[in-house]
Amino acid sequence: MKSTILTGIRANSELTLGNFLGALLPMVRLANTHSADSHINIFVPDLHSIISAVDGELQQNVIKSLKNYLAAGLTVNKNIHFYRQSRVPAHSELCWILNCVASMGELNRMTQYKDKSEGKDSVNVGIFDYPVLMAADILLYDAKYIPVGEDQFQHLELTRRLAERFNRKYNEIFTLPAEPKAQIEFMSTGGNDGIRIRDLQNPEKKMSKSNPAPNSKIMLSDEPTVAAKKIMSATTDSLGKIQYDMFNQPGISNLLQIEALTTDTPLQDVISTWAGETHYGDLKQKVAESVRVLLEDFQTKLAEISDQQILDLLESGEIYANEVANQKLHEAQVAFGLR
Ligand code: TYM
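Our subject in this report is the structure included herewith.

Reading the values: rules and limits
- Residues numbered from 1 in each chain as written.
- Predicted model: local features only at pLDDT ≥ 70, side-chain atom pairs only at ≥ 80, totals over all residues.
- Heavy atoms only, no water.
- Salt bridge = Lys/Arg side-chain N within 4 Å of Asp/Glu carboxyl O.
- Helix = DSSP H or I, 4+ residues; strand = E, 2+ residues; numbered from the N terminus.
- Buried < 20%, exposed > 50% of the residue type's maximum accessible area, 1.4 Å probe, protein only.
- Near = heavy atom within 4 Å.
- Polar contact = N/O pair within 3.5 Å; in protein donor to acceptor, adjacent residues only side chain to side chain.
- Areas by Shrake-Rupley, 256 points an atom, 1.4 Å probe, with all protein chains shown as cover.

### Here's the deal with the pattern of salt bridges
Okay, so step 1: Taken as a whole and judged by the stated rule, the model has 16 salt bridges.
Okay, so step 2: Glu318 is the salt-bridge partner of Arg84, the closest N and O atoms lying 2.7 Å from each other. Of this pair, Arg84 sits in strand S3 (residues 80-84) while Glu318 is found in helix H14 (residues 307-335), placing the two residues 234 residues apart along the sequence.
Okay, so step 3: The exposure class of Arg84 is buried, given its relative accessible area of 11%.
Okay, so step 4: For Glu318, a relative accessible area of 11% translates into the label buried.
Okay, so step 5: The shortest N-O distance in the salt bridge between Glu150 and Arg196 comes to 2.5 Å. Linking Glu150 in the loop between strand S4 (143-145) and helix H8 (153-169) with Arg196 in the loop between helix H9 (180-187) and helix H10 (224-232), this pair joins segments that are 46 residues apart in sequence.
Okay, so step 6: What makes Glu150 partly exposed here is its relative accessible area of 24%.

As structure tokens, then:
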């Protein structure tokens, strides 16, 4: 049986360089390497999108979001499957079944839920249940590798736990996704943790589209020279040495990480190249140029992709996804006594 590599990015708004380097580009690189012998499922979690406000028109954003993969260099073949979560009803069905396996306590501990609900008077149930739907997205397809940024690892662990609990209690139905460590090795980013591209002004935090400060983030639609300037003005430190130390030098480490990912070079090689150097300006100039070239190339390709290309891919992808997902859902329903 072919294994499945699966990922999704919500279509709420424009993507940042963090989404791109943390999730999209690793998926494209893995897909291009493995699509001869694995299924590559790239879906838009549009049901996850509606937990919060969507900028613009959701359906149009979905198409835009999928275009990003092609513009980032994804080579399409019969093993690449594009689909919308909402067009495969088995996701919501399995989510409900898994809701009856998950506990309130474990969902309460999810840091993304804590972050998204902090300081709010009223929080919708979708935000709370987000990780269970995510588990369904993964388990329906027996996906082993899930290229996502580090902020999603807690959800992957929950997915493993729910699958394990279900299998133990009912029947051995679900394939457990690989452990986070194995996911990282598979994504071969080097380093000890997953990818978390940092806020350029405050590198303690992750780069996020929700930060209103324009210099804190690079958007994929940024004019490439403007993006390069943002790198030049990134916050660093006063230690005067270039080394990878996310704890004491998050700004410099972030630049090294960005350089490795934009130039498709192992992080360790980038670290060695700069070891012993002291001029932060030189590093910034190199990274700024790498980001400029990446964005220029990406934006040129993006302009050449038509909506129709994506709609055609969705049509065949959704037939495939429904077939696979319905079969797994059926097994889960039988195990639960629903059939
Ligand atoms: P979303 O749209 O919030 O995030 C999309 C992806 O971008 C990654 N990411 C980052 N990576 C590195 N540095 C950053 N600063 C950064 N900011 C965001 C996220 O880790 C994510 O991989 N829950 C998923 C969507 C989803 C999903 C799934 C993914 C729903 N179901 C099933 C895989 C499998 C999410 O975070 O989307």
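### Comments concerning the site of the ligand
Okay, so step 1: Taken together, 26 residues form the shell around the ligand, and within it Tyr130, Asp137, Gly149, Asp151 and Ile197 come nearest.
Okay, so step 2: Here a nitrogen atom of the ligand sits 2.7 Å away from a polar atom, N or O, in the side chain of Tyr130.
Okay, so step 3: The separation between a nitrogen atom of the ligand and a polar main-chain atom of Ile197 is 2.7 Å.
Okay, so step 4: Across the complex, the protein chains shield 97% of the 710 Å² of accessible surface that the ligand would expose by itself.
Okay, so step 5: Listing elements by their share of the shell around the ligand, those giving two or more residues are strand S1 (3-8), helix H1 (17-34) and helix H7 (125-139).

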